[in-house]
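Residue-level structure breakdown
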Amino acid sequence: MERAALLRCSSLASNRFFYFPGRSFSVRLPASAPFSSRYASSLSSASSTSSRLLRRPILGISRRSLHRRHSRLLRVVASSSSPSSSPLHSDKHFSTLSARAVATQPAPQFSSDVGVSDEVAEKLGFEKVSEQFIEECKSKAVLFKHKKTGCEVMSVSNDDENKVFGIVLRTPPKDSTGIPHILEHSVLCGSRKYPLKEPFAELIKGSLNTYLNAITFPDRTCYPIASTNTKDFYNLVDVYLDAVFFPKCVEDELIFQQEGWHYELDDPSKDITYKGVVFNEMKGVYSQPENVLGRAVRRAVFPDNTYGVDSGGDPTVIPKLTFEEFKEFHRKYYHPSNARIWFYGDDDPSERLRILSEYLEMFGSSSSPSESTIEPQRLFSKPVRVVHKYPAGDGGDLKKKHMVCLNWLLSDKTLDLETELALGFLDHLLLGTPASPLMKILLDSGLGDDIVGGGMEDDLLQPQFSIGLKGVSEDDIQKVEDLILTTLKKLSEEGFETEALEASMNTIEFHLRENNTGSFPRGLALMFQSIGKWIYGLDPFGPLKYEKPLMALKARIAKEGSKAVFSPLIEKFILNNHHRAIVEMQPDPEKASRDDSLERETLEKLKASMTEEDLAELTRATQELKLKQETPDPPEVLKTIPCLHLDDIPKRTTPTPIEVGEINGSKVLQHDLFTNDVLYAEVVFDMRSLKQELLPLVPLFCQSLLEMGTKDMSFVQLNQLIGRKTGGISVYPFTSSVRGSTDLCSHIIVRGKAMTGRAEDLFNLVKCVLQEVQFSDQQRFKQFVSQSKAGMESSLSDGGHSIAASRLGAKFTTAGWISEQMGGVSYLEFLQDLEKRVDQDWDGISASLEEIRTSLLSKDGCLVNLTADGKNLTASEKYVSKFLDCLPSSSPAATASWSARLPPGNEAIVIPSQVNYVGKAANLYEAGYQLHGSVYVISNHISNTWLWDRVRLMGGAYGGMSQFNPYSGVYYFVSWRDPNLLNTLDVYDATGDFLRELELDNDTLTKSIIGTIGDVDSYQLPDAKGYNSMLRYLRGFTEEERQQRREEILSTSLKNFREFADVVDAVKHKGVSVAVASAGHIDAAHKDRPSYFQVKKVV
Ligand SMILES: [Zn+2]
């Protein structure tokens, strides 16, 4: 549940050793928020960077995952690195510095004798089981056991201010009714000490949390939180503990109905419908082809144990769940004896035990302690093959929309850490980058559009390996299977190249040691690593200590050679492994509407079977639930949620150090921050010299720079070199409006990082990428196009709200239009057309790519941004100077005059789905609004109360939000996985009235202010600080203005809310609507409002 509690992430998958749930090297930054915030991936991401970039993985990490329910939340981003191919010629001028430990936090001053004395622990009811100092994260970790209940607690102490708490329960389901998932939602709807409707939503509103979520895995449920403020942290811990152990949902059936499912009937004369937050969430999930594939894979690989059913819930099965079963599940599994608790950070470890002891003492030992044990899936004696249908649009050639995925269950038990680490390396060697041999051969084959399957996944009891293609022609299914098997066989016989191995090794080591989890708390990344073993009763310390197995693996490779290490793994776990499941998915354009009519039939039958009294009773029950949802919590109940005071909030922004200088006539920004010897660098070029018609080619231009190769080096060699010498390089466009001006800023950013000792290599490689890459490989370019097209198509059903927001933005500003050209529906249309053109006019396209480069590359339009500590900044200057010297100095062609917007009418974009994404927006600046900091508080408040209640709770959508873009002035409303369409638009239109009638007591207002400051002050690692400082510079946003906005936020009053009512009415009166919706919903809407939408079909 990232942005304002609206998304609850439900399933994760990863390779434990390389777990990077955030973006390690994020290019996905908000184009709209004035300060970087955790709202980053909400609206603007799709429009600020190319979707292709967003889809590229960084490591063999939590990527491509089939099993992730909300990949949006976790998509790990670009940063090329790499493996595989022939000898290198041109790397002689690169140094051979060896990798060494790095971490972007200050050298530890942490004293390892902080801790809890044995007597204190004893007195609080705990015994110390084990204690270790973990060198890899400079932490002291103590495992306790609560004597009375057997609850295990890991208490990790270090100097990280971003404190983390998590409680994890083992919750294996027996069927696909989604009990664990519905319970995960429901326990956060009020508890014994905090009996309000939604403590979770209140915490989101009024806390400084840096992370707040609840996650359902296939076999466990996690409740994690994080905060840098100690008081806030313990507040959150208490609310979570009370929620998990004493929730109201086990007594109040209305909560189960709201979060799970219920029949809804507003009026006996109308149709009965299903409603429920999880029900609709899962309908959205089951509308998404790759999610459908992921679920089919699970069923095929694990036919006999808990992993074969869906812990998230299958929408056709969810309505079978009863309240009795639901309560029983909580009684059985939400007991301390079945819980594992994690604490991490710089707070007092005795206080942790004290808080826990209060709760745990209320329980005895469990009556059914081993019921949650996960039974392993036994290995097959021969491979299986299954075929399923998935919902597809009826556009394009259906014959070419098949998917095929090969899956292996690697072992019937958990593997030792050394083997897992070796398999993680193998995964990176095979699939880690576009240059990796298995990845490359599949994409080069032309047999499909893009990769499916998550590679190695070891977050469950038994590890698995999955790989396949989508966009495959019916006749080529067998060819894909053969190609995967022959390639693996060949690699096992011939081994990997030395350069590929060195690149994978350096990339993995760099990322392990940099430990850059982006905006995701480090302590939480560690918790997920540890829990992956701990949950099965294995050593929780083991997964935190990668150093020894890593050294051992390196030593083995050095001694025996890589072939001796990896070939037996490929043979044993893949080639000679009979537990192979081949899953084929066939497109079915009727599936979505068939599912719809099946559901309608069921409900019609139900209604026919009901008496008049039954119907009256159902109508009454529907009203009862609605009334409950509409009735606000009484003030005294709301007050139970602990909240900070405004006095706890720093009055001043913390400025990021920035020094603006010049080298060889180009602007150079330097941020003196401790990065533990990593240099983070961005080279930025002005894009405004480009001809307007070249803009849609820019994302593919960026990809070509990294993936086409030079005269001397194939792209494989170039990627290997980047992997061997740096921590990664990425290239992407960035466009934003500039406030108070018709001007806009539009750039291409080259982002790289390396050990400071390799700064010269980094700049040489950036130069090489920019100047030496040749746009000559037609076949590769064709692949880029089909991959991007496939990616855009899946983002329509997966991230329709971003698509809608991007489309809306394009109707109001030129910057929005440009972003849409590079990442919206227009981009998809461009790609569909380009796919044909690549064969007919490759010379023309290649010339256009060259033209983009010529227009861009110029010393004058160039800006360099550096983040490292002072001495390393100084040391890097000479390489920057050398780099700039090599750029052409001719001034760029005159600034092109871009001026374009999409036509202003309402639009509906048809997708094959059962749920909708509904957006509406207007430009407030054009309506005369002047920016004031209170707008952040107000739009948060609208999202967290008005839209939360009306669109999510009452409407049954998975989420809804409003957001203001302070640069363009566009105010957006969007919903996702929404069963409604016009109703949601009506809710948006009533926002002004909501504000006019709003009564706000001081506590509520303070909460909204604190919650907003929590976003503004979101926790950032040094690279993010330097990067965001640069973005502010580019958009002319000064530190003074930042301070002014902060003061305006802190002094926001009810008057500001009331005044904003008239402002936001601009959306009602002058706004434009864009819906990404099913054909059925659009038709129904048109019965009510004829030709309200112009209908557009793209898939
Ligand atoms: Zn959920």
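Okay, so let's go over this structure. Here the residue numbering is sequential within each chain, running from 1 through the sequence in written order. Restriction of local features to residues with pLDDT of at least 70 applies here, the model being predicted, together with a cutoff of 80 or more for giving and counting side-chain atom pairs; totals for whole chains, interfaces and linings are based on all residues. To obtain the side-chain values, all non-hydrogen atoms of the structure were included, while hydrogens and water were left out.

**Quick word on the coordination of the zinc ion**
Put simply, the test is: Atoms are scored as donors when they are N, O or S and lie within 2.8 Å of the metal, with 3.2 Å used for Na, K and Ca; no water is included, so coordination may look incomplete. Each label reflects the angles at the metal, where four donors whose angles all fall between 85 and 135 degrees are tetrahedral, four or six donors whose opposite pairs open beyond 155 degrees and whose other angles stay between 65 and 115 are square planar or octahedral respectively, and the rest are irregular. Helix and strand definitions follow DSSP, with helices as H or I runs of at least four residues and strands as E runs of at least two, each counted in order from the N terminus. Using a 1.4 Å probe on the protein chains alone, a residue whose accessible area is under 20% of its type maximum counts as buried, one over 50% counts as exposed, and one in between counts as partly exposed.
Coordination sphere of the zinc ion, protein contribution only: His181 (NE2), His185 (NE2), Glu281 (OE) and Glu281 (OE), at 2.1 to 2.6 Å. Each of the four donor atoms around the zinc ion contributes to a set of angles spanning 54 to 153°, which defines the coordination as irregular. When the donor residues of the zinc ion are listed from N- to C-terminus, their spacing reads H-x3-H-x95-E. Of the two residues, His181 is situated in helix H5 (residues 179-186) and Glu281 in helix H9 (residues 277-285); the sequence distance between them amounts to 100 residues. Among the residues examined, His181 registers a relative accessible area of 0% and is labelled buried. For Glu281, a relative accessible area of 0% puts it in the buried group.

**Describing unusual backbone geometry**
A positive phi angle, close to 45°, is found at Lys138, a residue other than glycine. As for its position among the elements, Lys138 is in the loop between strand S1 (126-134) and strand S2 (139-146). Backbone geometry at Ser1091 places phi at a positive 45°, although glycine is not the residue there. Relative to the helices and strands, Ser1091 resides in the loop between helix H39 (1079-1088) and strand S27 (1094-1097).

**Observations concerning the sheet that holds strand S15 (residues 580-588)**
To keep it simple, the criterion reads: Paired strands are those between which DSSP finds at least two bridges. Axes here mean lines fitted to C-alpha atoms, for a helix over just the part in contact, with angles spanning 0 to 180 degrees between N-to-C directions. Any pair of residues with heavy atoms lying within 4.5 Å of one another is described as a contacting pair.
Read across the open sheet, the five strands follow the order S11-S15-S12-S14-S13; overall the sheet is mixed. Here the strands that pair on one side only, and so sit at the sheet edges, are strand S11 (384-391) and strand S13 (450-457). Sheet twist, expressed as the average angle between the axes of neighbouring strands with direction ignored, equals 15°. Where strand S12 (residues 402-409) and strand S14 (residues 464-472) come together, eight bridges link them in antiparallel fashion. Bridge pairing in S14 places Met403 opposite Lys470. Most of the contacts of helix H13 (residues 417-431) go to S13, to which it runs at about 165°, and overall it touches S13 and S14.

**Some remarks on the environment of Gly424**
For Gly424, the position within the fold is in helix H13. The buried category is assigned to Gly424, whose relative accessible area is 1%. On a C-alpha basis, the gap between Gly424 and Asp458 in space is 9.1 Å, while along the polypeptide they are 34 residues apart.

**Some points on the environment of Phe279**
Relative to the helices and strands, Phe279 resides in helix H9. For Phe279, a relative accessible area of 1% corresponds to the buried category. On a C-alpha basis, the gap between Phe279 and Gly956 in space is 8.5 Å, while along the polypeptide they are 677 residues apart. Other than its neighbours up to four places away in sequence, Phe279 contacts Glu259, Gly260, Trp261, Tyr274, Pro315, Ile318, Pro319 and Glu599.

**Let's talk about the pairing of strand S24 (residues 959-964)**
The buried fraction of S24 amounts to six of the six residues, a majority that puts the element mostly inside the structure. Strand direction decides the pairing type here: S24 and strand S25 (residues 970-976), joined by six bridges, are antiparallel. Paired with Met961 across the two strands is Val974, which belongs to S25. What sits between S24 and S25 in their antiparallel hairpin is a turn of five residues, with Gly969 showing a positive phi close to 85°.

**What to know about helix H25 (residues 759-772)**
Rules: To estimate the expected span of a helix, subtract one from its residue number and multiply by 1.5 Å.
Its 14 residues place the ends of H25 19 Å apart at the C-alpha level, agreeing with the 20 Å of an ideal helix rising 1.5 Å per residue. Inspection of H25 places Ala759, Asp761, Leu762, Phe763, Asn764, Leu765, Val766, Cys768, Val769 and Leu770 among the buried residues, and these make up the whole buried set.

**Description of a nonpolar patch on the surface**
The criterion, for reference: Only residues whose relative accessible area exceeds 30% and that take part in no salt bridge are eligible for patches, with like-charged residues grouped when within 9 Å of each other and nonpolar side chains (Val, Leu, Ile, Met, Phe, Trp, Tyr) grouped when within 5 Å. The accessible surface values rely on the Shrake-Rupley method and a 1.4 Å probe; as for residues, cover is taken only from the protein chains in view. Here, a salt bridge means any Lys or Arg side-chain nitrogen found within 4 Å of an Asp or Glu carboxyl oxygen.
A cluster of nonpolar side chains, contributed by Ile658, Val660 and Tyr1033, occupies part of the molecular surface with about 230 Å² of accessible area. By the secondary structure assignment, Val660 is in strand S16 (residues 659-663).

**Here we look at the packing of helix H26 (residues 778-798) against helix H29 (residues 825-840)**
Each pair of packed helices can be summarised by the angle the axes make with each other and by the distance between the axes. Test applied: Relative orientations are named as follows: roughly parallel for angles under 35 degrees, roughly antiparallel for angles over 145 degrees, roughly perpendicular for angles from 65 to 115 degrees, and oblique for any other angle. Note: crossing handedness is left-handed where the near helix turns anticlockwise from the far helix by less than a right angle, and right-handed where it turns clockwise. Each residue receives one of three labels: charged for Asp, Glu, Lys and Arg, nonpolar for Ala, Val, Leu, Ile, Met, Phe, Trp, Tyr, Cys and Pro, and polar for the others, Gly being one of them.
Running from N to C, H26 and H29 cross one another at 155°; their axes reach a closest spacing of 9 Å. Judged by the inter-axis angle, H26 sits roughly antiparallel to H29. Note that H26 runs across H29; the crossing there is left-handed. Taking contact as the criterion, the partners of Gln778, Phe781, Lys782, Val785, Ser786, Ser788, Lys789, Met792, Glu793 and Leu796 in H26 are, on H29, Tyr827, Leu828, Leu831, Gln832, Leu834, Glu835, Val838 and Asp839. Residue classes in the contact of H26 with H29 are distributed as nine nonpolar, four polar and five charged.

**Comments concerning helix H16 (residues 498-514)**
Between its first and last C-alpha atoms H16 spans 24 Å; for 17 residues at 1.5 Å apiece the expected length is 24 Å, and the two agree. With 15 of 17 residues buried, H16 lies mostly within the body of the structure. Phi turns positive, to about 50°, at Asn515, one or two residues after H16.

**What to know about the pattern of salt bridges**
One pass over the full model with this rule turns up 74 salt bridges. Here Lys332 ties to Glu371 by a salt bridge, and the two come within 3.1 Å at their closest N and O atoms. Highlighted residues: Lys332 in helix H11 (residues 323-333) and Glu371 in the loop between helix H12 (349-360) and S11, separated in sequence by 39 residues. The class of Lys332 is buried, set by a relative accessible area of 17%. Given a relative accessible area of 39%, Glu371 falls into the partly exposed group. As a salt-bridge pair, Arg807 and Glu820 come within 2.9 Å of each other at their nearest N and O atoms. With Arg807 in helix H27 (residues 800-812) and Glu820 in helix H28 (residues 814-823), the pair connects residues that are 13 residues apart, well separated along the chain. Given the relative accessible area of 4%, Arg807 is considered buried. When its relative accessible area of 0% is taken as the criterion, Glu820 is described as buried. Where salt bridges share partners, they join Asp118, Lys128, Glu131 and Lys140 into one cluster.

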